[in-house]
Amino acid sequence: MATSRFGFPGVAGMLVGPPAKENNGSSHCSSHGLLAYGAGSSIVVVDVRSMQLVTVLPMPCPGSTAFQAAPFVTAVQWTPEGLQSDLADESSTGNLRLAVGDRQGRIAIWNVGNGEIGTWLSLEAEKGRLGIQDVCWVYGQPWLLLAIHGT
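Residues numbered from 1 in each chain as written. Predicted model: local features only at pLDDT ≥ 70, side-chain atom pairs only at ≥ 80, totals over all residues. Heavy atoms only, no water.

Visitor: So what exactly am I meant to see when it comes to the pairing of strand β12 (residues 144–150) here?
Guide: In the case of a regular strand, side chains alternate between the two sheet surfaces. Where strand β11 (residues 131–138) meets β12, seven bridges bridge the pair, whose relative direction is antiparallel. Following the sheet pairing, W137 is matched in β12 by L145. Linking β11 back to β12 in an antiparallel pair, the connection comprises five residues. (Pairing = 2+ DSSP bridges. Helix = DSSP H or I, 4+ residues; strand = E, 2+ residues; numbered from the N terminus.)

Visitor: Explanation requested: the pattern of salt bridges in the structure shown.
Guide: Side chains that differ in sign of charge can pair as their charged atoms come close. Summed over the entire model, instances satisfying the criterion amount to one salt bridge. Across the pair R106 and D102 runs a salt bridge, and its minimum N-O distance is 2.8 Å. Take R106 and D102: they sit in the same class, and that class is buried. (Salt bridge = Lys/Arg side-chain N within 4 Å of Asp/Glu carboxyl O. Buried < 20%, exposed > 50% of the residue type's maximum accessible area, 1.4 Å probe, protein only.)

Visitor: I keep staring at the packing of aromatic side chains and nothing clicks. Help me out?
Guide: Here a ring pair, both rings aromatic, is described through the centre-centre distance and the interplanar angle of the planes. Counted by the stated rule, this structure contains one aromatic pair. Relative to W143, the ring of Y139 has its centre 5.2 Å away and its plane inclined at 85 degrees; by these criteria the two rings are edge-to-face. (Phe/Tyr/Trp six-rings, centres within 6.5 Å; stacked < 30°, edge-to-face > 60°.)

Okay, structure coming up:
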C-alpha cells in the first residue's frame with residue numbers, strides 16, 4: 001500500500017471517479033480541512049487547503065466473494081474528537097476516525113491514519129438489507145453513533 005505526502009495509506013495507482021447519485025451526496029468536511037466524500041464504493045479524502053488527494057479508502061466487498069463489487073458509500077461523518085492541525089505530524093493522525101455507511105446496511109469506522117477499519121457494524125433486516133442513509137455522532141461518554149437506514 002502506498003502512502004500520501006501526509007503519511008496516510010493509500011491505494012497505489014487507483015483512479016477514483018466522481019461521486020454518483022447512488023452516493024446520496026455523502027460528504028463531510030472536518031474542522032481541520034479534510035473533506036471526505038463517497039465516490040462509488042470508495043471514500044476519497046482531500047485536503048481542502050491544498051486541494052491535494054490525501055488518501056482513498058476502498059470499502060471491502062461483503063461476504064467472501066472478492067470479485068463482487070463493493071456497495072456504494074452512502075454516508076460519511078468525521079468523529080468530533082480533536083485533532084492537531086499539522087497533518088504531516090504522524091502523532092496527530094492517531095485518532096482521525098471516519099464513520100462510513102453503505103447500501104448494504106454496513107457501517108465501517110475507519111482509522112484514517114493507518115487506513116484500517118477499526119469497527120464494523122451491520123444492521124440485520126427481516127426483508128433484505130436496509131441501506132444507510134446518514135450517520136451522525138452524538139455527544140456522550142463515549143461518543144454515540146446514530147444511523148438512519150431505509151430502503
